[in-house]
Amino acid sequence: MKSFLGLQKPNEEISDDENYWILIGEKGKVIEENNKNFSGKVLVLFDKNLDKFNLQNHNPTKNSLWILESDLEFE
């Protein structure tokens, strides 16, 4: 992940459990695309346990988040 919501850091004060910017630099793989509820986003399964980052993540697949494609760098 190279950014979150197009930013390198939040532009306002946020709670720790919503600080997804701490995932910048983390790796994962896209496991779902083209979901009509998440236009422009893909479901990324991160290599690390997101619970260790104390982030909110309520997706059915553990350790996954819907991320804008433009926030990702593909290898």
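Look up a bit, the structure's there.
The present account deals with the structure reproduced in this document. (Residues numbered from 1 in each chain as written. Predicted model: local features only at pLDDT ≥ 70, side-chain atom pairs only at ≥ 80, totals over all residues. Heavy atoms only, no water.)

Some points on the side chain of Asn63
Then step 1. Counting through the fold element by element, Asn63 comes out in the loop between strand E2 (41-46) and strand E3 (64-68).
Then step 2. Setting aside anything within four residues of it in sequence, one finds Asn63 in contact with Val44, Leu45, Phe46, Lys48, Asn49, Leu50, Asp51 and Asn57. (Helix = DSSP H or I, 4+ residues; strand = E, 2+ residues; numbered from the N terminus. Contact = heavy atoms within 4.5 Å.)

Some points on the pairing of E2
Here is the key point about a regular strand: its side chains alternate between the two faces of the sheet.
Then step 1. Relative to E2, strand E1 (residues 28-32) is paired through four bridges, and the arrangement is antiparallel. Across the sheet, residue Val30 finds its bridge partner in E2, namely Val44.
Then step 2. For E2 and E3, the ladder comprises five bridges, and the chain directions are antiparallel. Looking across to E3, one finds that Val42 is bridged to Ile67. (Pairing = 2+ DSSP bridges.)

Observations regarding the sheet that holds E1
Then step 1. Pairing within the open sheet is antiparallel, and its three strands lie in the order E1-E2-E3. Each having just a single partner strand, E1 and E3 make up the two edges of the open sheet. The sheet shows a mean angle of 45° between the axes of neighbouring strands, direction not considered. (Axes fitted to C-alpha atoms, helices over the stretch in contact; angles between N-to-C directions.)

Considering the packing of aromatic side chains
Then step 1. Counted by the stated rule, this structure contains three aromatic pairs.
Then step 2. An angle of 40° between the planes, with centres 5.3 Å apart, marks the rings of Phe4 and Tyr20 as tilted. Here the residue Phe4 occupies a position in the segment before E1, and Tyr20 occupies one in the segment before E1, the gap between them amounting to 16 residues. The same class applies to Phe4 and to Tyr20, which are both buried.
Then step 3. Aromatic side chains Phe38 and Trp66 sit 4.4 Å apart centroid to centroid with 10° between the ring planes, which places their arrangement in the stacked category. (Phe/Tyr/Trp six-rings, centres within 6.5 Å; stacked < 30°, edge-to-face > 60°. Buried < 20%, exposed > 50% of the residue type's maximum accessible area, 1.4 Å probe, protein only.)

A few points about the side chain of Ser3
Then step 1. With respect to the helices, strands and loops of the structure, Ser3 is situated in the segment before E1.
Then step 2. At a separation of 2.5 Å, a polar atom in the side chain of Ser3 contacts the side chain of Asp71.
Then step 3. Setting aside its immediate chain neighbours within four residues, Ser3 contacts Gln8, Ile24, Ser70 and Asp71. (Polar contact = N/O pair within 3.5 Å; in protein donor to acceptor, adjacent residues only side chain to side chain.)

Section: the layout of surface pockets
Then step 1. For the largest pocket, the calculated volume is near 340 Å³.
Then step 2. Contributing to the lining of the largest pocket are 18 residues, with Phe4, Leu5, Glu18, Tyr20 and Trp21 lying nearest its centre.
Then step 3. The space that makes up the second largest pocket amounts to roughly 290 Å³.
Then step 4. Examining the composition of the lining of the second largest pocket, we find that three residues originate from one element, E1, more than from any other.
Then step 5. Tallied by class, the residues present in the lining of the second largest pocket amount to six nonpolar, two polar and six charged. (1 Å grid on protein atoms, 1.4 Å probe; cavity = no way out; pocket = protein on both sides within 12 Å on 5 of 7 lines; lining within 4 Å. Points joined across faces, edges and corners; volume = space filled by probe spheres on them. Nonpolar A, V, L, I, M, F, W, Y, C, P; charged D, E, K, R; others polar.)

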